[in-house]
Amino acid sequence: MLNYDLSPFYRSTVGFDRLLSMLDKAVGAEQNAPTYPPYNIERTGENAYRITLAVAGFGEKELSVESRENTLTVRGSKETSAKDEKRDMLYQGIAARAFERRFQLADHVVVTGATSENGLLHIDLVREVPEAQKPRTIAINVGNSAKTIEAAPEKQAA
């Protein structure tokens, strides 16, 4: 396993502390990253994305999706009923455990909706860049505004 020490970057950069802390978390998170539930991330357009989680056995009321400060959190918790407690399971291969999955979102990425169908939870996201940060074209003025200035002739002493 490789361990990276990013502390020299903290000392020599200004304003990149959020990026470096995200890198620290990503490097450390690989060692004990949760694998349940499995998920896909796909690009559905130029600025559109979709996260799909396999949540078989969970109903809409047992799932929650929350977006806060560039973090998307998906939680699932199974409610046990009285009839579930009476069942005598011989083998349980379908996972029914509670989970919490977090995704770090880039700046200006917002959640536009979530749908659940056929045991899959689809979360749609869009990158909405503010007008002030979009590239814009600057017109170049063409005209005869440039003037040549000639030096005045010196008077010769007679």
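Reference entry: report on the structure contained in this document.

1. Comments concerning the sheet that holds strand S3 (residues 63–68)
Now for step 1: The antiparallel open sheet is built from three strands, whose spatial order is S3-S4-S5. A strand with exactly one partner marks an edge of an open sheet, and here the two such strands are S3 and strand S5 (99–104). When strand polarity is set aside, the average angle formed by the axes of neighbouring strands in this sheet is 15 degrees.
Now for step 2: Two strands pair when backbone bridges link them, and S3 and strand S4 (residues 71–76) are joined in this way by six bridges, in the antiparallel orientation. The residue bridging valine 65 from the neighbouring strand is valine 74, located in S4.

2. Some points on the environment of valine 129
Now for step 1: Along the chain, the position of valine 129 falls in the segment after strand S7 (120–127).
Now for step 2: The class for valine 129 is partly exposed, based on a relative accessible area of 30%.
Now for step 3: Taking the C-alpha atoms as reference points, valine 129 and asparagine 47, 82 residues apart in sequence, are found 9.3 Å from one another.
Now for step 4: Look past the residues within four positions of valine 129 in its chain and what remains in contact with it is His108 and Lys134.

Rules used throughout
- Residues numbered from 1 in each chain as written.
- Predicted model: local features only at pLDDT ≥ 70, side-chain atom pairs only at ≥ 80, totals over all residues.
- Heavy atoms only, no water.
- Pairing = 2+ DSSP bridges.
- Helix = DSSP H or I, 4+ residues; strand = E, 2+ residues; numbered from the N terminus.
- Axes fitted to C-alpha atoms, helices over the stretch in contact; angles between N-to-C directions.
- Buried < 20%, exposed > 50% of the residue type's maximum accessible area, 1.4 Å probe, protein only.
- Contact = heavy atoms within 4.5 Å.

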